[in-house]
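So the chains spell out like this:
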Amino acid sequence: MQAIEKQIRERAKALLADGIVDRVIGWKKGEYFYDNTPAVFGPDDIDELIYNSFCGANLSKYLIAESKKEGKVLALLKPCDTYSFNQLLKEHRINRENVYVLGIPCHGMADIDKLHAKGIKGIEGIEPNRNIKGVEEAEDDASELELKVKTIYGDKTCALGEVLLEKCCACKGTEHVIFDEVIEDRHPVPQSSFDRFGMVKKLEAMTPDERFNFWRAELSKCIRCNACRNVCPACSCLKCVFDNDNSGISSKANVDTFEENMFHIIRAFHVAGRCTDCGECSRVCPQGIPLHLLNRKFIKDIDEFYGEYQAGKDDNSPWPLVEYTEGDVEPDVVSKGGEK
(Lines give C-alpha, C1' and ligand atoms only; values in the text may rest on other atoms or scores of the structure.)
Protein backbone atom coordinates (compact mmCIF):
# COMPACT_ATOMS: atom_id res chain seq x y z
CA MET A 1 0.00 0.00 0.00
CA GLN A 2 2.91 2.35 0.63
CA ALA A 3 3.95 2.16 -3.03
CA ILE A 4 0.40 3.03 -4.07
CA GLU A 5 0.30 5.89 -1.58
CA LYS A 6 3.51 7.35 -3.01
CA GLN A 7 2.24 6.98 -6.57
CA ILE A 8 -1.01 8.74 -5.71
CA ARG A 9 0.78 11.59 -3.96
CA GLU A 10 3.25 12.08 -6.83
CA ARG A 11 0.46 12.11 -9.43
CA ALA A 12 -1.50 14.61 -7.36
CA LYS A 13 1.56 16.86 -7.14
CA ALA A 14 2.03 16.71 -10.90
CA LEU A 15 -1.61 17.59 -11.63
CA LEU A 16 -1.39 20.51 -9.20
CA ALA A 17 1.89 21.73 -10.68
CA ASP A 18 0.53 21.54 -14.24
CA GLY A 19 -2.52 23.57 -13.27
CA ILE A 20 -4.90 20.78 -14.28
CA VAL A 21 -6.41 20.83 -10.79
CA ASP A 22 -6.46 23.46 -8.07
CA ARG A 23 -6.88 21.23 -5.03
CA VAL A 24 -7.11 17.58 -4.02
CA ILE A 25 -9.63 15.75 -1.86
CA GLY A 26 -8.20 12.70 -0.15
CA TRP A 27 -7.41 11.53 3.40
CA LYS A 28 -5.27 12.81 6.24
CA LYS A 29 -4.22 11.25 9.53
CA GLY A 30 -6.80 11.39 12.27
CA GLU A 31 -6.35 11.48 16.02
CA TYR A 32 -5.89 7.70 16.04
CA PHE A 33 -4.11 5.49 13.51
CA TYR A 34 -7.43 4.00 12.35
CA ASP A 35 -9.27 7.32 12.22
CA ASN A 36 -8.08 8.76 8.90
CA THR A 37 -10.39 11.52 7.74
CA PRO A 38 -11.33 13.20 4.42
CA ALA A 39 -9.48 16.43 3.78
CA VAL A 40 -8.75 18.94 1.01
CA PHE A 41 -5.12 19.63 0.12
CA GLY A 42 -3.30 22.26 -1.89
CA PRO A 43 0.29 22.45 -3.19
CA ASP A 44 1.60 23.51 0.22
CA ASP A 45 0.26 20.57 2.24
CA ILE A 46 -0.08 17.77 -0.33
CA ASP A 47 2.67 15.81 1.46
CA GLU A 48 0.19 15.26 4.29
CA LEU A 49 -2.05 13.19 2.00
CA ILE A 50 -2.10 9.52 3.00
CA TYR A 51 -3.62 6.29 1.70
CA ASN A 52 -3.68 3.08 3.69
CA SER A 53 -5.98 0.35 5.01
CA PHE A 54 -7.94 2.79 7.15
CA CYS A 55 -9.06 5.13 4.35
CA GLY A 56 -12.51 3.61 4.09
CA ALA A 57 -14.38 6.94 3.86
CA ASN A 58 -16.28 7.42 0.59
CA LEU A 59 -15.25 10.84 -0.76
CA SER A 60 -18.12 11.19 -3.25
CA LYS A 61 -20.50 13.13 -1.02
CA TYR A 62 -17.91 15.81 -0.30
CA LEU A 63 -17.78 16.54 -4.02
CA ILE A 64 -21.32 17.95 -3.93
CA ALA A 65 -19.92 21.05 -2.21
CA GLU A 66 -16.38 20.92 -3.64
CA SER A 67 -17.58 20.82 -7.26
CA LYS A 68 -19.57 24.02 -6.72
CA LYS A 69 -16.45 25.96 -5.76
CA GLU A 70 -14.21 27.83 -8.17
CA GLY A 71 -11.52 25.75 -9.87
CA LYS A 72 -11.17 22.01 -10.37
CA VAL A 73 -10.78 19.44 -7.62
CA LEU A 74 -8.86 16.18 -7.95
CA ALA A 75 -10.97 13.40 -6.43
CA LEU A 76 -9.28 10.19 -5.31
CA LEU A 77 -11.95 7.54 -5.75
CA LYS A 78 -11.75 3.84 -4.96
CA PRO A 79 -13.73 1.54 -7.32
CA CYS A 80 -16.74 1.38 -4.96
CA ASP A 81 -16.72 5.17 -4.53
CA THR A 82 -17.21 5.72 -8.26
CA TYR A 83 -20.70 4.19 -8.06
CA SER A 84 -21.75 6.88 -5.59
CA PHE A 85 -20.12 9.53 -7.77
CA ASN A 86 -22.06 8.29 -10.81
CA GLN A 87 -25.35 8.28 -8.93
CA LEU A 88 -24.79 11.84 -7.76
CA LEU A 89 -24.03 12.87 -11.34
CA LYS A 90 -27.28 11.24 -12.42
CA GLU A 91 -29.12 13.31 -9.82
CA HIS A 92 -27.34 16.52 -10.94
CA ARG A 93 -25.72 16.97 -7.54
CA ILE A 94 -22.13 17.25 -8.80
CA ASN A 95 -20.68 19.65 -11.37
CA ARG A 96 -18.71 17.16 -13.45
CA GLU A 97 -16.66 19.85 -15.20
CA ASN A 98 -15.08 20.85 -11.91
CA VAL A 99 -13.94 17.35 -10.91
CA TYR A 100 -10.95 15.36 -12.15
CA VAL A 101 -11.43 11.75 -11.07
CA LEU A 102 -8.30 9.75 -10.34
CA GLY A 103 -9.29 6.11 -9.89
CA ILE A 104 -7.11 4.51 -7.23
CA PRO A 105 -6.62 0.82 -6.36
CA CYS A 106 -8.08 -0.75 -3.25
CA HIS A 107 -7.31 -4.11 -1.64
CA GLY A 108 -10.02 -3.72 0.99
CA MET A 109 -10.22 -1.57 4.11
CA ALA A 110 -9.64 -2.83 7.64
CA ASP A 111 -12.15 -2.70 10.48
CA ILE A 112 -10.55 -1.70 13.78
CA ASP A 113 -13.30 -3.44 15.76
CA LYS A 114 -12.53 -6.75 14.01
CA LEU A 115 -8.83 -6.28 14.81
CA HIS A 116 -9.69 -5.77 18.46
CA ALA A 117 -12.01 -8.80 18.38
CA LYS A 118 -9.04 -10.89 17.28
CA GLY A 119 -7.20 -9.77 20.40
CA ILE A 120 -4.91 -7.33 18.59
CA LYS A 121 -4.72 -4.38 20.96
CA GLY A 122 -2.19 -1.90 22.23
CA ILE A 123 -1.16 -0.88 18.72
CA GLU A 124 1.82 1.44 18.82
CA GLY A 125 2.69 4.57 16.87
CA ILE A 126 4.11 5.27 13.44
CA GLU A 127 6.97 3.10 12.32
CA PRO A 128 10.09 4.89 11.01
CA ASN A 129 9.68 6.35 7.52
CA ARG A 130 6.14 5.02 7.20
CA ASN A 131 2.86 6.86 6.77
CA ILE A 132 0.81 3.93 8.04
CA LYS A 133 0.66 4.11 11.80
CA GLY A 134 1.57 0.68 13.03
CA VAL A 135 0.15 -1.13 10.00
CA GLU A 136 1.95 -2.34 6.90
CA GLU A 137 0.58 -4.37 4.00
CA ALA A 138 2.56 -7.02 2.15
CA GLU A 139 2.23 -6.47 -1.62
CA ASP A 140 4.19 -9.42 -2.95
CA ASP A 141 1.09 -11.64 -3.09
CA ALA A 142 -2.22 -9.82 -3.17
CA SER A 143 -4.20 -13.01 -2.73
CA GLU A 144 -2.53 -13.53 0.65
CA LEU A 145 -2.41 -9.96 1.93
CA GLU A 146 -1.50 -9.70 5.58
CA LEU A 147 -1.70 -6.90 8.05
CA LYS A 148 1.48 -6.62 10.13
CA VAL A 149 0.67 -4.83 13.33
CA LYS A 150 3.24 -3.55 15.81
CA THR A 151 1.82 -3.54 19.32
CA ILE A 152 3.13 -2.99 22.84
CA TYR A 153 2.83 -6.75 23.26
CA GLY A 154 4.91 -7.58 20.20
CA ASP A 155 4.28 -7.84 16.48
CA LYS A 156 1.02 -9.42 15.35
CA THR A 157 -0.19 -10.56 11.93
CA CYS A 158 -3.55 -11.51 10.50
CA ALA A 159 -5.10 -12.02 7.08
CA LEU A 160 -6.64 -8.84 5.73
CA GLY A 161 -9.70 -10.83 4.65
CA GLU A 162 -10.48 -11.61 8.29
CA VAL A 163 -10.71 -7.97 9.35
CA LEU A 164 -12.36 -6.27 6.37
CA LEU A 165 -15.03 -3.64 6.74
CA GLU A 166 -18.51 -5.00 6.08
CA LYS A 167 -18.77 -3.01 2.87
CA CYS A 168 -15.50 -4.50 1.63
CA CYS A 169 -16.77 -8.02 2.22
CA ALA A 170 -19.43 -7.20 -0.39
CA CYS A 171 -16.94 -5.56 -2.78
CA LYS A 172 -18.31 -4.59 -6.19
CA GLY A 173 -14.98 -5.33 -7.87
CA THR A 174 -11.79 -3.59 -8.90
CA GLU A 175 -13.17 -1.73 -11.93
CA HIS A 176 -13.84 2.00 -11.74
CA VAL A 177 -17.15 2.83 -13.46
CA ILE A 178 -16.14 6.44 -14.10
CA PHE A 179 -12.75 8.16 -14.18
CA ASP A 180 -10.52 10.63 -15.99
CA GLU A 181 -7.41 8.62 -15.17
CA VAL A 182 -6.68 5.39 -13.32
CA ILE A 183 -3.67 4.25 -11.33
CA GLU A 184 -3.40 0.62 -12.33
CA ASP A 185 -3.47 -2.06 -9.66
CA ARG A 186 -0.45 -4.31 -10.07
CA HIS A 187 -1.81 -6.73 -7.47
CA PRO A 188 -5.57 -7.13 -7.93
CA VAL A 189 -7.31 -9.09 -5.19
CA PRO A 190 -9.56 -12.02 -6.19
CA GLN A 191 -13.24 -11.39 -5.60
CA SER A 192 -14.90 -12.87 -2.54
CA SER A 193 -17.83 -15.30 -2.68
CA PHE A 194 -19.52 -13.37 0.15
CA ASP A 195 -23.33 -13.27 -0.18
CA ARG A 196 -24.24 -9.66 0.57
CA PHE A 197 -27.91 -10.60 0.90
CA GLY A 198 -27.22 -13.48 3.28
CA MET A 199 -28.31 -11.66 6.43
CA VAL A 200 -31.30 -10.12 4.62
CA LYS A 201 -32.48 -13.62 3.75
CA LYS A 202 -32.11 -14.67 7.38
CA LEU A 203 -34.24 -11.74 8.47
CA GLU A 204 -36.86 -12.53 5.85
CA ALA A 205 -37.03 -16.10 7.16
CA MET A 206 -37.83 -14.91 10.68
CA THR A 207 -41.35 -14.60 12.01
CA PRO A 208 -42.72 -11.02 12.11
CA ASP A 209 -42.22 -10.93 15.88
CA GLU A 210 -38.64 -12.18 15.63
CA ARG A 211 -37.83 -9.65 12.94
CA PHE A 212 -39.45 -6.83 14.91
CA ASN A 213 -37.50 -7.79 18.01
CA PHE A 214 -34.25 -7.85 16.02
CA TRP A 215 -34.75 -4.31 14.77
CA ARG A 216 -36.02 -3.02 18.08
CA ALA A 217 -32.88 -4.33 19.74
CA GLU A 218 -30.71 -2.61 17.13
CA LEU A 219 -32.57 0.68 16.69
CA SER A 220 -32.95 1.16 20.43
CA LYS A 221 -29.19 1.85 20.44
CA CYS A 222 -29.62 4.92 18.22
CA ILE A 223 -28.58 8.22 19.78
CA ARG A 224 -29.74 10.33 16.79
CA CYS A 225 -26.29 11.71 16.13
CA ASN A 226 -27.18 11.88 12.40
CA ALA A 227 -23.81 10.43 11.41
CA CYS A 228 -25.49 7.97 9.01
CA ARG A 229 -27.49 10.72 7.33
CA ASN A 230 -24.57 13.13 7.12
CA VAL A 231 -22.18 10.63 5.53
CA CYS A 232 -24.66 9.03 3.11
CA PRO A 233 -24.10 10.14 -0.53
CA ALA A 234 -27.80 9.49 -1.27
CA CYS A 235 -28.84 11.90 1.51
CA SER A 236 -28.15 14.99 -0.55
CA CYS A 237 -31.25 17.13 0.01
CA LEU A 238 -30.49 20.78 0.66
CA LYS A 239 -32.72 20.53 3.73
CA CYS A 240 -33.61 17.19 5.24
CA VAL A 241 -37.19 16.53 6.29
CA PHE A 242 -35.85 15.92 9.79
CA ASP A 243 -34.52 19.49 9.83
CA ASN A 244 -37.79 21.01 8.64
CA ASP A 245 -39.23 23.18 11.41
CA ASN A 246 -42.74 22.63 10.05
CA SER A 247 -42.51 18.84 10.01
CA GLY A 248 -43.05 18.34 13.72
CA ILE A 249 -39.97 16.13 13.87
CA SER A 250 -37.22 18.70 13.42
CA SER A 251 -34.04 17.39 15.10
CA LYS A 252 -36.27 15.47 17.47
CA ALA A 253 -34.57 13.15 19.93
CA ASN A 254 -35.60 9.53 20.25
CA VAL A 255 -38.13 10.03 23.01
CA ASP A 256 -39.91 6.74 22.30
CA THR A 257 -39.62 3.60 20.19
CA PHE A 258 -41.71 5.15 17.42
CA GLU A 259 -39.11 7.89 16.92
CA GLU A 260 -36.30 5.33 16.79
CA ASN A 261 -38.08 3.34 14.11
CA MET A 262 -39.36 6.28 12.07
CA PHE A 263 -36.04 8.03 11.51
CA HIS A 264 -34.26 5.03 10.02
CA ILE A 265 -37.21 3.58 8.11
CA ILE A 266 -38.01 6.93 6.47
CA ARG A 267 -34.35 7.43 5.59
CA ALA A 268 -34.19 3.95 4.03
CA PHE A 269 -37.29 4.71 1.94
CA HIS A 270 -35.80 8.01 0.79
CA VAL A 271 -32.64 6.37 -0.59
CA ALA A 272 -34.39 3.32 -2.08
CA GLY A 273 -33.31 2.76 -5.69
CA ARG A 274 -30.47 5.25 -5.26
CA CYS A 275 -28.39 3.59 -2.55
CA THR A 276 -25.23 2.09 -4.05
CA ASP A 277 -24.64 -0.05 -0.95
CA CYS A 278 -21.46 1.84 -0.10
CA GLY A 279 -21.87 0.89 3.56
CA GLU A 280 -20.93 4.27 4.96
CA CYS A 281 -24.00 4.39 7.24
CA SER A 282 -22.89 1.30 9.16
CA ARG A 283 -19.20 2.25 9.07
CA VAL A 284 -19.70 5.54 10.88
CA CYS A 285 -22.44 4.49 13.32
CA PRO A 286 -20.96 4.89 16.81
CA GLN A 287 -23.47 2.34 18.13
CA GLY A 288 -22.64 -0.37 15.61
CA ILE A 289 -26.18 -0.59 14.19
CA PRO A 290 -26.21 -2.63 10.93
CA LEU A 291 -28.07 0.06 9.01
CA HIS A 292 -26.87 -1.31 5.67
CA LEU A 293 -29.30 -4.21 6.12
CA LEU A 294 -32.28 -1.89 5.69
CA ASN A 295 -30.85 -0.63 2.41
CA ARG A 296 -29.96 -4.12 1.21
CA LYS A 297 -33.53 -5.26 1.82
CA PHE A 298 -34.73 -2.54 -0.57
CA ILE A 299 -32.01 -3.42 -3.08
CA LYS A 300 -32.97 -7.10 -2.96
CA ASP A 301 -36.66 -6.30 -3.45
CA ILE A 302 -35.93 -3.97 -6.36
CA ASP A 303 -33.82 -6.67 -8.03
CA GLU A 304 -36.64 -9.19 -7.63
CA PHE A 305 -39.53 -6.95 -8.66
CA TYR A 306 -37.94 -4.79 -11.35
CA GLY A 307 -34.90 -6.75 -12.51
CA GLU A 308 -31.23 -6.66 -11.53
CA TYR A 309 -30.12 -3.11 -10.91
CA GLN A 310 -26.99 -1.55 -9.48
CA ALA A 311 -27.31 2.13 -8.57
CA GLY A 312 -24.45 4.21 -9.91
CA LYS A 313 -23.30 1.72 -12.53
CA ASP A 314 -23.72 4.51 -15.07
CA ASP A 315 -24.51 8.21 -14.91
CA ASN A 316 -27.48 8.51 -17.27
CA SER A 317 -29.97 5.62 -17.17
CA PRO A 318 -33.18 6.07 -15.10
CA TRP A 319 -33.46 4.04 -11.94
CA PRO A 320 -36.37 1.64 -11.27
CA LEU A 321 -38.43 3.86 -9.01
CA VAL A 322 -38.50 6.83 -11.42
CA GLU A 323 -39.57 5.03 -14.59
CA TYR A 324 -42.58 2.88 -15.39
CA THR A 325 -43.02 -0.18 -17.58
CA GLU A 326 -46.13 -2.28 -18.09
CA GLY A 327 -44.31 -5.22 -16.54
CA ASP A 328 -43.82 -3.49 -13.19
CA VAL A 329 -45.51 -5.06 -10.19
CA GLU A 330 -48.45 -3.20 -8.69
CA PRO A 331 -48.28 -2.00 -5.05
CA ASP A 332 -51.02 -4.42 -3.96
CA VAL A 333 -49.50 -7.49 -5.63
CA VAL A 334 -47.77 -9.99 -3.36
CA SER A 335 -45.42 -12.55 -4.86
CA LYS A 336 -46.26 -16.11 -3.85
CA GLY A 337 -44.50 -19.18 -5.15
CA GLY A 338 -42.98 -17.27 -8.03
CA GLU A 339 -46.38 -16.00 -9.24
CA LYS A 340 -47.43 -12.37 -9.04
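From a predicted model like this one, the values you see are computed outputs, not experimental measurements.

**So, empty space enclosed by the protein**
Argument step 1. All told, the structure shown has 4 cavities of 30 Å³ or more when counted by the stated rule.
Argument step 2. Of the volumes computed, that of the largest cavity is approximately 150 Å³.
Argument step 3. Looking at the largest cavity, it is lined by 17 residues, and the ones nearest its centre are Cys-232, Pro-233, Ala-234, Thr-276 and Cys-278.
Argument step 4. The set of elements that each furnish at least two residues to the lining of the largest cavity consists of helix 3 (79–90), helix 10 (280–284) and helix 11 (292–306).
Argument step 5. At 3 residues, the largest contribution of residues to the lining of the largest cavity is made by helix 3.
Argument step 6. Broken down by class, the residue content of the lining of the largest cavity amounts to 7 nonpolar, 6 polar and 4 charged.
Argument step 7. When residues are assigned to domains, the lining of the largest cavity turns out to be shared by domain 1 (1–109 + 167–182) and domain 3 (197–323), each giving three or more.
Argument step 8. When its volume is computed, the second largest cavity comes out at roughly 100 Å³.
Argument step 9. As for the second largest cavity, its lining consists of 15 residues, and the residues nearest its centre are Gly-273, Arg-274, Cys-275, Ile-299 and Ile-302.

**What to know about the sheet that holds strand 8 (residues 181–182)**
Argument step 1. Read from one edge of the open sheet, 5 strands run 2-1-3-4-8, paired in mixed fashion. Where the open sheet ends on each side, the last strands, each with one partner, are strand 2 (37–41) and strand 8.
Argument step 2. Examined bridge by bridge, strand 4 (residues 99–103) and strand 8 share 2 bridges and lie parallel to one another. Among the inter-strand pairings, Leu-102 is bridged to a residue of strand 8, identified as Glu-181.

**Notes on the confidence of the model for the protein**
Argument step 1. Per-residue pLDDT for the protein averages 85, and the proportion of residues at 70 or more is 85%.
Argument step 2. Confidence drops under pLDDT 50 across residues 125–143; counting only partners more than four residues distant or on other chains, this segment forms 55 contacts.
Argument step 3. Across residues 336–340, where pLDDT falls below 50, the model places 7 contacts with residues more than four positions away in sequence or in other chains.

**So, the packing of aromatic side chains**
Argument step 1. On inspection of all chains with the given rule, the structure shows 7 aromatic pairs.
Argument step 2. Centroid distance Trp-27 to Tyr-51: 5.4 Å. Interplanar angle 35 degrees. Geometry classified as tilted. Of this pair, Trp-27 sits in strand 1 (residues 23–28) while Tyr-51 sits in the loop between strand 2 and helix 2 (62–66), and the two are 24 residues apart along the sequence. Pair check on accessibility: Trp-27 and Tyr-51 agree, each one buried.
Argument step 3. Between the aromatic rings of Tyr-32 and Tyr-34, the centroid separation amounts to 5.6 Å while the plane-to-plane angle is 5 degrees, which identifies the pairing as stacked.
Argument step 4. We classify Tyr-32 as partly exposed; its relative accessible area is 43%.
Argument step 5. A connected cluster of aromatic rings, assembled from ring pairs, spans Tyr-32, Phe-33, Tyr-34 and Phe-54.
Argument step 6. Above the ring of Tyr-83, the side-chain terminus of Lys-172 is found at 5.5 Å from the ring centroid.

**Some thoughts on the state of the cysteines**
Argument step 1. Applying the stated criterion across every chain, the model contains 0 disulfides.
Argument step 2. As a non-bridged cysteine, Cys-80 has Cys-106 as the owner of its nearest cysteine sulfur, 6.1 Å distant.
Argument step 3. No disulfide involves Cys-169; its sulfur sits 7.2 Å from the nearest other cysteine sulfur, which is in Cys-168.
Argument step 4. Residue classification places Cys-169 among the buried positions, given a relative accessible area of 15%.

**Structural notes on the environment of Asp-111**
Argument step 1. Mapping Asp-111 onto the fold places it in the loop between strand 4 and helix 4 (112–117).
Argument step 2. Residues Asp-111 and Glu-162, 51 residues apart in the sequence, show an inter-C-alpha distance of 9.3 Å.
Argument step 3. If near-sequence neighbours (up to four positions away) are discounted, Asp-111 is found in contact with Val-163, Leu-164 and Leu-165.

**Remarks on the nonpolar core**
Argument step 1. Residues Val-24, Trp-27, Tyr-51, Leu-63, Leu-74, Leu-76 and Phe-85 are the most contacted members of the largest nonpolar core, which totals 54 residues.
Argument step 2. When residues of this core are assigned to domains, at least three map to each of domain 1 (1–109 + 167–182) and domain 2 (112–162).
Argument step 3. For Val-24, the contacting residues outside a window of four places in its chain are Ala-12, Leu-16, Ala-39, Val-40, Phe-41, Ile-46, Leu-49, Val-73, Leu-74 and Leu-76.
Argument step 4. Counting residues in each nonpolar core, the second largest holds 17 residues, with Phe-214, Cys-222, Cys-281 and Leu-291 among its members.

**Comments concerning the packing of helix 7 (residues 208–219) against helix 9 (residues 257–271)**
A pair of packed helices can be characterised by two numbers: the angle between their axes and the separation between those axes.
Argument step 1. Remark: helix 7 packs on helix 9, axes separated minimally by 10 Å, with the N-to-C direction vectors making an angle of 95 degrees. On the basis of the axis angle, helix 7 is roughly perpendicular to helix 9. Across the interface between the two elements, Phe-212, Arg-216 and Leu-219 of helix 7 pack against Thr-257, Glu-260, Asn-261 and His-264 of helix 9.
Argument step 2. The residue makeup of the contact of helix 7 with helix 9, split by class, is 2 nonpolar, 3 polar and 2 charged.

Calculation notes
Residues numbered from 1 in each chain as written. Predicted model: local features only at pLDDT ≥ 70, side-chain atom pairs only at ≥ 80, totals over all residues. Heavy atoms only, no water. 1 Å grid on protein atoms, 1.4 Å probe; cavity = no way out; pocket = protein on both sides within 12 Å on 5 of 7 lines; lining within 4 Å. Points joined across faces, edges and corners; volume = space filled by probe spheres on them. Helix = DSSP H or I, 4+ residues; strand = E, 2+ residues; numbered from the N terminus. Nonpolar A, V, L, I, M, F, W, Y, C, P; charged D, E, K, R; others polar. Domains from an automatic or database assignment. Pairing = 2+ DSSP bridges. pLDDT = per-residue confidence, 0-100. Contact = heavy atoms within 4.5 Å. Phe/Tyr/Trp six-rings, centres within 6.5 Å; stacked < 30°, edge-to-face > 60°. Buried < 20%, exposed > 50% of the residue type's maximum accessible area, 1.4 Å probe, protein only. Lys NZ or Arg CZ within 6 Å of the ring centre and 35° of its normal. Disulfide = S-S within 2.5 Å. Core = buried A, V, L, I, M, F, W, Y, C linked by side-chain atoms within 4.5 Å. Axes fitted to C-alpha atoms, helices over the stretch in contact; angles between N-to-C directions. Parallel < 35°, antiparallel > 145°, perpendicular 65-115°, else oblique.

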